[in-house]
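Spelled out from the first residue to the last, the chains are:
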Amino acid sequence: QVQLVESGGGLVQAGDSLRLSCAASGRTFSSSVMGWFRQAPGKDREFVAAISRIGGTTYYVDSVKGRFTISRDNAKNTVYLQMNSLKAEDTAVYYCAAGCLRGLTIQCRSAPDFGSWGQGTQVTVSS
């Protein structure tokens, strides 16, 4: 299994930016679709973004399109989530996920598709 550790969360004002990082260990990192999920109080874990094995294809939930950017640096075994124009509705614990082996990045949108998870990093956006 890939080991994942998220960082970069914090408390910010609406309109601010944050960059989340997910440091991975394991030889399968560069061969796995990676994703970000989030979970707000009282809600189920929600898909946010996914990125293909070499980083050429990305997919986002509609609510973050144009504001969030997922990227990866396989040489550094790290995946990022750049979050701009943050809104109060973005407040959640953000989780990094790895291990989706489906053929298309767009198919990696459900939590059960990912076999490895980080412990999460809190993002709080005040309005």
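Since the structure is predicted, the reported quantities are computational estimates derived from the model, not experimental observations.

Let's talk about the pattern of salt bridges
Charged atoms that come close allow side chains of opposite charge to pair.
Now for step 1: Counting across every chain of the model gives 5 salt bridges.
Now for step 2: As a salt-bridge pair, Asp-90 and Arg-38 come within 3.0 Å of each other at their nearest N and O atoms. Taken together, the residues Asp-90 in the loop between strand S8 (78–83) and strand S9 (92–100) and Arg-38 in strand S4 (residues 33–39) connect sequence positions 52 residues apart.
Now for step 3: A relative accessible area of 1% places Asp-90 in the buried class.
Now for step 4: For the salt bridge of Asp-62 with Lys-65, the shortest nitrogen-to-oxygen distance reads 2.9 Å.
Now for step 5: Residue classification places Lys-65 among the partly exposed residues on the basis of a relative accessible area of 46%.
Now for step 6: Taken together, the shared-partner salt bridges in this structure form one network comprising Arg-38, Glu-46, Arg-67 and Asp-90.

With respect to the pairing of strand S7 (residues 68–73)
Now for step 1: Covered by surrounding structure in S7 are Phe-68, Ile-70 and Arg-72 only, the residues Thr-69, Ser-71 and Asp-73 on the alternate face being uncovered.
Now for step 2: The turn joining S7 and S8, which pair antiparallel and follow one another in sequence, is formed by 4 residues; a positive phi near 55° is taken by Asn-77.

Calculation rules
- Residues numbered from 1 in each chain as written.
- Predicted model: local features only at pLDDT ≥ 70, side-chain atom pairs only at ≥ 80, totals over all residues.
- Heavy atoms only, no water.
- Salt bridge = Lys/Arg side-chain N within 4 Å of Asp/Glu carboxyl O.
- Helix = DSSP H or I, 4+ residues; strand = E, 2+ residues; numbered from the N terminus.
- Buried < 20%, exposed > 50% of the residue type's maximum accessible area, 1.4 Å probe, protein only.
- Pairing = 2+ DSSP bridges.

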